[in-house]
Amino acid sequence: MERAALIGSSLCYLFALGHTLFSLFKGRFRPGRFNVAAVAAGASLQGWYLTLLGSQLHACPIRTLPQVLVFLGWSIALFYLAIGTSYRLSLMGAFTAPVVLLLQVAAVFIPAGEIDPVRGVDPWIETHASLSLVAYGALGLSCIAGLMYLVQERQLKSRRPSAIFHDLPPVITLAVTVRRLLLAGFVVLTIGFAAGFLARTPIPNVKICFSALIWLLYAGLLADSLSGRLGNRRTAQGAMLVFLLALLLLPVIQRLSTLG
Amino acid sequence: MNILCAGINHRTARLDVRERFAVATEEAPALLSDLSSVEGVSGAVVLSTCNRVEIYASSLCPVRALDGFRKILSARTGLEAPLYHHDTPYAVRHLFRVASGLDSMVIGETEILGQVKKAYSVASEAGTATRTMHKLFQHAFHVAKSVRTETQITSGPTSVGSVAVELAEKIFGDLRHLRVLLLGAGEISERTARSLQSRGVRSSVVSNRTYERAAQLAAEIGGMAIHFDHWDKAVADADILISSTNADGRLVTPEKLAPVMKGRGERSLFVIDLAVPRDADPAINDMEGVFLHDVDSLQQIAAESLVIRQREVERCESLIESHVGGFMKWLQSLHDPEWQR
């Protein structure tokens with residue numbers, strides 16, 4: 001049953017992506033309901049999948065790398081539904097769907113590996129892991145908004161903007177969105193880290209170092225950006241680079257967690 | 001019942017002729033009354049815009065109605081009315097095309113729909129919009145809405161001013177609190193400034209080599225004039241810089257803007273260079289937070305919008321055709337004894 005939910009949600013994101021590509025190709029893109037509906041359906045099915053899995057495991061379903069990727073994709077989709085729609089960020093759904101789909105496809109093809117033995121035992125570890133993934137949902141969406149910022153900035157600086165220019169939001173809206181998502185993600189990430197330190201279970205030093213590196217990079221990025229030392233373009237680039245680095249380190253951190 | 005359309009437009013009559021036939025809102029009720037008193041005419045609507053004067057009427061005998069319209073308009077203007085005319089179903093198709101902006105000088109312009117609605121409302125108040133005219137115009141409004149939402153006929157800006165407005169909106173979002181600095185007081189920069197003001201820009205500063213001209217333009221657009229020597233200080237407060245001077249060299253350079261941009265934080269600067277030869281060094285476009293567009297790029301964007309609109313015409317025509325069919329079915333049902341019963 002859970003497999004059907006996972007396939008169903010992947011299809012929803014695939015529909016959103018296909019619809020966007022088809023509309024853009026035809027030059028008739030109208031941002032709005034379809035992408036929101038598709039992402040909402042995809043997120044619901046992901047939520048159902050995670051619930052089924054959680055009830056089987058009697059713990060938060062983030063014990064293997066594929067589960068972590070699905071949880072991360074779900075967090076990004078939820079943040080999109082909360083923020084992308086309220087700020088009327090047309091096209092954000094179109095950018096969100098492929099990222100979540102990519103995570104989901106990776107979750108299907110990556111071998112499950114060893115199951116993290118500690119989670120489900122220590123509630124602080126459980127809180128730390130789930131809050132960190134929720135934070136990465138916001139930070140992932142800031143990466144998407146950053147990409148949209150760079151695309152729109154390029155369009156505005158170009159002498160011949162393409163059709164996508166008309167559908168993307170103003171750069172100022174995207175710059176504000178990147179900063180807000182960075183701030184929201186950073187706050188949740190910090191709480192998640194604090195929960196990790198309250199855990200009774202010992203955490204490997206290398207894992208702490210990697211996590212601290214990501215936290216410090218986000219803290220520096222946010223401090224420079226909010227103080228005005230970093231312009232909108234560099235903030236957008238920073239949001240993308242740090243998230244991609246975090247994504248690359250995720251398997252390493254996951255592996256270190258399973259080693260206990 | 002037949003639908004008749006008779007009129008002149010920008011393709012069939014010069015501006016000086018159209019001026020003579022134009023109908024002011026206060027003159028419309030009397031003219032509508034005259035038109036509907038023509039033998040065989042049951043209802044009439046007059047559409048008068050800067051590009052067209054058209055009469056839409058429901059009539060049992062279109063030939064006699066057309067003759068009557070010619071006489072009324074000739075008597076009114078003292079000119080022989082060079083009217084084109086369409087009968088059912090061509091008149092129906094014509095109104096649908098007009099309301100959708102397909103018959104406009106700038107294809108896809110949306111102002112025409114408001115003018116058609118106004119014409120219909122004036123006729124309704126004058127009591128000359130019959131059931132058939134009511135149905136026809138309601139159908140036209142519906143068609144115009146469908147064409148607008150289902151195609152890209154209104155896509156993109158089509159003039160230098162509207163391109164500047166769209167670019168500004170894509171940089172700043174809300175234009176209401178923005179400040180514009182006009183460097184040079186040329187006509188095109190004035191028009192562009194007015195386009196921005198029409199979208200909410202409140203504050204304008206004008207700087208020109210001749211201070212008196214700057215003061216004159218500032219008074220006209222409700223702004224403030226400053227001496228030309230001080231423009232580089234004023235740019236620190238500006239969000240949009242419109243430049244159109246006759247300077248020999250480059251006025252707006254990376255060296256001049258670098259200190260300005262440093263102190264602005266996240267605020268962007270949109271430079272619209274309307275001068276030929278150009279006032280702005282193209283290298284400023286590479287600076288973070290600076291967006292530069294010149295006459296060529298603005299005109300290119302406008303031209304591309306028109307190409308997109310042109311490509312959509314075929315889709316609009318087929319959409320309109322299906323609606324003409326729907327309306328004709330309704331019109332024929334009026335004569336169907338089964339339906340009338």
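Notes on the structure in this doc start here. Computed from a predicted model, the values in this text were never measured in an experiment.

### Let's talk about the nonpolar core
Thinking step 1. Counting residues in each nonpolar core, the largest one holds 103 residues, and the members touching the most others are Tyr136(A), Tyr218(A), Leu196(B), Ile240(B), Ile242(B) and Phe270(B).
Thinking step 2. Those residues in contact with Phe270(B) that lie beyond four places of it in its chain are Ala164(B), Leu167(B), Ala168(B), Ile171(B), Phe172(B), Asp239(B), Ile240(B), Leu241(B), Phe291(B) and His293(B).
Thinking step 3. Counting 64 residues, the second-largest nonpolar core is a separate cluster that includes Leu32(B), Val38(B), Phe69(B) and Ile320(B).

### Some remarks on the pattern of salt bridges
A side chain of one charge can pair with a side chain of the opposite charge when the charged atoms of the two come close.
All names here are of chain B.
Thinking step 1. Under the counting rule described, the total for this entry stands at 23 salt bridges over all chains.
Thinking step 2. In this structure, the salt-bridge partner of Arg-76 is Glu-27, at a minimum N-O distance of 2.6 Å. Residue Arg-76 is found in helix α3 (residues 62-77), and its partner Glu-27 is found in the loop between α1 (15-21) and α2 (28-36); the two are separated by 49 residues along the sequence.
Thinking step 3. A relative accessible area of 31% means that Arg-76 is categorised as partly exposed.
Thinking step 4. We note a salt bridge from Glu-54 to Arg-52, for which the minimum N-O separation is 3.0 Å.
Thinking step 5. Exposure remark for Glu-54: the relative accessible area of 0% places this residue in the buried category.
Thinking step 6. Among the residues examined, Arg-52 registers a relative accessible area of 2% and is labelled buried.

### A few points about the environment of Arg20(B)
Residue and element names in this part refer to chain B.
Thinking step 1. Within the fold, Arg-20 resides in helix α1.
Thinking step 2. Looking at Arg-20, the relative accessible area reads 45%, which means it is partly exposed.
Thinking step 3. With sequence-adjacent residues up to four places away left out, Arg-20 is seen in contact with Arg-76, Thr-77 and Leu-79.
Thinking step 4. From its side chain, Arg-20 meets the backbone oxygen of Thr-77 in a polar contact 2.9 Å long.

About the thresholds
Residues numbered from 1 in each chain as written. Chains lettered and ligands numbered in written order. Predicted model: local features only at pLDDT ≥ 70, side-chain atom pairs only at ≥ 80, totals over all residues. Heavy atoms only, no water. Core = buried A, V, L, I, M, F, W, Y, C linked by side-chain atoms within 4.5 Å. Buried < 20%, exposed > 50% of the residue type's maximum accessible area, 1.4 Å probe, protein only. Contact = heavy atoms within 4.5 Å. Salt bridge = Lys/Arg side-chain N within 4 Å of Asp/Glu carboxyl O. Helix = DSSP H or I, 4+ residues; strand = E, 2+ residues; numbered from the N terminus. Polar contact = N/O pair within 3.5 Å; in protein donor to acceptor, adjacent residues only side chain to side chain.

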